[in-house]
Protein chains: 2
Amino acid sequence: MVCFGIDLGGTTVKIGLFSEEGKLLDSTEIPTRKEDEGSHILADICDTINLKITDKKIAREDILGVGIGIPGPITKDGTVLNCVNLGWGIFNVEEKLSAMLGGIKVKAGNDANVAALGEIWQGGGRGFEDLVLVTLGTGVGGGVIIGGKIIPGSNGAAGEIGHIPSVFGDDAEVCGCGKKGCLETVGSATGIVRETKKLLDRSVKESVLRDNPGFSCKDIFDAAKEGDELANEAVNNLAKSLGVAIAGIAAVTNPQVVVIGGGVSKAGKFLLDKIEESFNEHAFHATKNVKFALATLGNDAGMYGAADLILD
Amino acid sequence: MVCFGIDLGGTTVKIGLFSEEGKLLDSTEIPTRKEDEGSHILADICDTINLKITDKKIAREDILGVGIGIPGPITKDGTVLNCVNLGWGIFNVEEKLSAMLGGIKVKAGNDANVAALGEIWQGGGRGFEDLVLVTLGTGVGGGVIIGGKIIPGSNGAAGEIGHIPSVFGDDAEVCGCGKKGCLETVGSATGIVRETKKLLDRSVKESVLRDNPGFSCKDIFDAAKEGDELANEAVNNLAKSLGVAIAGIAAVTNPQVVVIGGGVSKAGKFLLDKIEESFNEHAFHATKNVKFALATLGNDAGMYGAADLILD
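Criteria and cut-off values
- Residues numbered from 1 in each chain as written.
- Chains lettered and ligands numbered in written order.
- Predicted model: local features only at pLDDT ≥ 70, side-chain atom pairs only at ≥ 80, totals over all residues.
- Helix = DSSP H or I, 4+ residues; strand = E, 2+ residues; numbered from the N terminus.
- Rg over C-alpha atoms; globule rule 2.2 N^0.38 Å.
- Buried ≥ 20, exposed ≤ 12 C-beta atoms within 10 Å, placed from the backbone.
- Axes fitted to C-alpha atoms, helices over the stretch in contact; angles between N-to-C directions.
- Parallel < 35°, antiparallel > 145°, perpendicular 65-115°, else oblique.
- Contact = placed C-beta atoms within 7 Å.
- Nonpolar A, V, L, I, M, F, W, Y, C, P; charged D, E, K, R; others polar.
- Pairing = 2+ DSSP bridges.
- Expected span 1.5 Å × (residues − 1).
- Arc of directions from axis to C-beta.
- Least-squares fit on C-alpha atoms with pLDDT ≥ 70 in both.
- Left-handed = near helix turned anticlockwise from the far one by under 90°.
- Domains from an automatic or database assignment.

**Observations concerning the overall build of chain A**
Check the secondary structure of chain A and you find 10 helices and 12 strands. For chain A, the C-alpha radius of gyration of 20 Å lies close to 20 Å, the compact-globule estimate for 312 residues. Each principal axis of the C-alpha distribution contributes one length, and for chain A these read about 65 × 45 × 35 Å. Counting over 312 residues, chain A shows a buried share of 53%.

**Thoughts on the packing of helix α4 (residues 111–122) of chain A against helix α10 (residues 301–311) of chain A**
All names here are of chain A. Their axes nearest at 7 Å, the elements α4 and α10 cross at an angle of 85 degrees. By the criterion of interaxial angle, the relationship of α4 to α10 is roughly perpendicular. Counted together, D111, V114, A115, A116, L117, G118, E119, W121 and Q122 of α4 and A301, G302, Y304, G305, A306, D308 and L309 of α10 form the full contact between these two elements. Broken down by class, the residue content of the contact of α4 with α10 amounts to nine nonpolar, four polar and three charged.

**Some points on the sheet that holds strand β12 (residues 291–294) of chain A**
All names here are of chain A. If you trace the five strands from one edge of the open sheet to the other, you get β10-β9-β8-β11-β12, paired in mixed fashion. Edge positions in the open sheet fall to β10 (149–150) and β12, since each of these has one partner strand only. Across six bridges, the pairing between strand β8 (residues 131–136) and strand β9 (residues 140–146) is antiparallel. Note that in β9 the partner of L133 across the bridge is G143.

**Structural notes on helix α6 (residues 189–202) of chain A**
Residues and elements named next belong to chain A. With 14 residues, α6 ought to run about 20 Å at 1.5 Å a step, and its terminal C-alpha atoms sit 20 Å apart, in line with that. Considered for burial, the residues of α6 that qualify are G191, I192, E195 and T196. Considered in projection along α6, the buried side chains sweep an arc of 130 degrees and stay on one side of the axis. Contacts from the buried residues of α6 go to α5 (184–187), α7 (217–225) and α8 (229–253).

**Focus on unusual backbone geometry**
All names here are of chain A. Non-glycine residue E37 carries a positive phi angle of around 55 degrees. Following the sequence through the fold, E37 ends up in helix α1 (residues 35–38). What makes E37 exposed here is the crowd of 11 C-beta atoms within 10 Å.

**Some thoughts on the relation of the copies chain B and chain A**
The two copies are related by a screw operation: chain B maps onto chain A through 180 degrees of rotation and 0.0 Å of translation along the axis, at an RMSD of 0.0 Å. Here the transformation between the copies is reduced to the relation of a two-fold axis. Comparing interface residues between copies, 100% of those in chain B also sit at the interface in chain A, which points to an isologous, same-surface contact.

**Some thoughts on helix α8 (residues 229–253) of chain B**
Taking 1.5 Å of rise per residue, 25 residues should cover 36 Å, and α8 of chain B covers 35 Å from first to last C-alpha, within 8% of that figure. Directly after α8 of chain B, the chain includes N254 of chain B, whose backbone phi takes a positive value near 50 degrees.

**Things to note about the packing of helix α6 (residues 189–202) of chain B against α8 of chain B**
All names here are of chain B. Direction vectors running N to C along α6 and α8 enclose 130 degrees, while the axes themselves pass 10 Å from each other. Taken together, α6 and α8 sit at an angle that is classed as oblique. Read as a crossing pair, α6 and α8 show a hand that is right-handed. Of the residues in α8, those in contact with I192, E195, T196, L199 and L200 of α6 are L230, E233, A234, N237 and L238. Taken together, the residues of the contact of α6 with α8 break down into six nonpolar, two polar and two charged.

**Some points on the domain arrangement of chain A**
Residues and elements named next belong to chain A. Each assigned domain of chain A is listed here: domain 1 (2–110 + 300–311) and domain 2 (124–296). Its C-alpha centre places domain 1 at a distance of 29 Å from the equivalent point of domain 2. At the junction of the two partners, domain 1 supplies eight residues and domain 2 supplies seven residues.

**Describing the interface of chain B and chain A**
Counting residues at the interface gives 34 residues for chain B and 34 residues for chain A. Those elements that provide at least two residues to the side of chain B that touches chain A are β9 (140–146) and α8 of chain B. With seven residues, the single largest contributor to the side of chain B that touches chain A is α8 of chain B. Of the residues contributing to the side of chain B that touches chain A, the split by class is 18 nonpolar, 13 polar and three charged.

**With respect to the sheet that holds strand β7 (residues 106–110) of chain B**
In sheet architecture, strand pairing relies on hydrogen bonds along the backbone and comes in two forms, parallel and antiparallel. Residues and elements named next belong to chain B. An order of β3-β2-β1-β4-β7 is seen for the five strands of this open sheet, with the pairing classed as mixed. With partners counted over all chains shown, the strands left at the sheet margins are β3 (24–31) and β7, one partner each. Pairwise comparison of adjacent strand axes, ignoring direction, gives a mean angle of 15 degrees for this sheet. The sheet strands contacting helix α10 (residues 301–311) are β1 (2–8), β2 (12–19), β3, β4 (63–70) and β7, and the helix crosses β4 at an angle near 135 degrees.

Given below as structure tokens:
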């Protein structure tokens with residue numbers, strides 16, 4: 001018996017074939033065709049799955065189902081709600097994809113929530129039941145797992161931790177969501193670069209970043225690791241915002257483990273330790289038993305979690 | 001068939017007798033004897049229950065169980081962790097009370113979480129599945145219900161929303177928990193009075209509160225309702241802090257309904273509307289579908305929720 005785990009992103013679709021035991025047997029990546037209001041996306045996914053079924057000589061009755069992570073809010077019954085970066089409106093993606101696949105069971109979830117599920121199942125949160133995943137990438141996302149299950153939220157918006165109010169007063173920047181001062185404005189890769197530029201403008205400190213006006217988020221971490229004071233201050237500010245936000249999350253859900261993922265988490269233990277330090281400074285004592293871990297599945301977390309939607 | 005629902009507080013113990021259908025048939029209140037490290041508390045509860053069983057001629061086999069809300073962190077298996085305001089250490093309260101009651105089933109939960117369960121079952125959150133209760137009283141507590149179930153947290157500390165980091169910088173006061181700037185420092189009855197006093201000191205505005213140096217939290221709301229500008233500013237500051245914190249909670253769990261309870265919530269719709277306004281200003285769009293409601297069970301919420309631990 002096998003299943004498919006699909007991570008539907010704004011740029012590519014990753015389609016994984018998994019054994020019943022959760023082993024990734026094979027994976028394929030196709031572009032996400034967003035033209036024509038994203039109307040080709042599901043057909044492209046079906047073509048790839050059907051090709052794989054033929055290619056691997058899989059009997060249809062041996063397919064347990066297809067799990068899929070969607071980059072937007074999704075309700076418990078599988079209805080996507082205006083997935084703007086795919087061009088999608090409102091429809092039931094589980095029913096539609098299942099019909100297109102000739103009745104194979106389809107389960108869908110929000111991509112960040114599904115990635116959290118992947119990390120708790122086979123990644124950085126393995127062996128735990130209550131987890132919060134914080135994804136630091138182009139945006140800041142997340143997922144909350146309680147008792148081994150994703151908390152989807154009443155409107156599919158649980159785990160949208162990038163939009164926790166985080167910065168107040170004049171320093172608050174406008175977020176992609178339209179609000180001011182969301183965690184994402186300081187915790188995303190672009191937010192980190194912008195905040196560091198502001199810090200450079202305010203400060204007279206020497207910094208290697210001054211010689212590299214087009215510096216990236218990675219450059220900031222590299223400089224900080226090399227002992228650059230200003231870069232370190234920027235990383236400390238980031239860690240402070242994240243630690244405070246995670247302390248707030250912990251006061252709500254009291255997880256066993258906080259897993260930090262996304263491209264920014266490639267900064268590794270250097271960043272993780274600073275976040276944990278800030279967390280311990282701001283967290284309620286009864287929530288301090290939490291373990292901090294790095295995500296380990298990288299870009300495959302979404303596929304794993306999507307497969308777990310079927311296998312669990 | 002009947003059950004008992006017990007709300008164990010720092011001052012009194014409320015013991016309710018409930019029908020299978022969740023109707024409160026009878027209730028008794030006894031003092032909480034905290035002397036001798038709280039060692040009389042469970043015996044006093046047993047005496048009251050046994051008296052009630054005799055008095056009401058209840059057959060032991062008709063007792064479905066005893067639910068109890070505890071004022072402190074409690075793990076999933078029923079172990080209380082240093083319930084400081086009862087003088088208790090660490091022990092399994094479910095096993096102990098059950099043994100003392102001759103084997104009757106006992107289920108325990110954190111008092112704020114249990115009150116949240118009561119409110120969703122028979123109170124302000126009736127008819128919903130995903131709820132956050134915010135209790136504004138001597139402290140600020142709360143409870144998170146997802147899919148009709150309490151989220152206890154890995155260490156019994158979920159829903160400890162009074163300890164969300166809320167005030168930063170010089171204005172942050174020290175909380176009872178030892179941290180600075182917890183939501184409780186501005187959202188509890190004492191916190192509201194202290195912040196209003198600070199506002200009076202900073203301002204030259206006329207206010208009826210200046211003629212009443214020993215003003216209470218209720219006096220502030222009464223003055224605000226009468227149009228006192230400074231009192232209104234104090235209430236708006238409170239509502240802002242609460243709205244921001246609830247926006248953060250909503251980005252984590254995305255509830256259907258937020259129920260505001262505790263003594264401070266007697267300020268009623270006047271306060272509720274201001275909190276909702278602040279929430280809508282700070283909340284992520286996909287979480288804005290939330291309904292705001294006042295708790296309706298008052299001091300009985302804990303007994304109801306404790307009964308629901310057994311009846312659900």
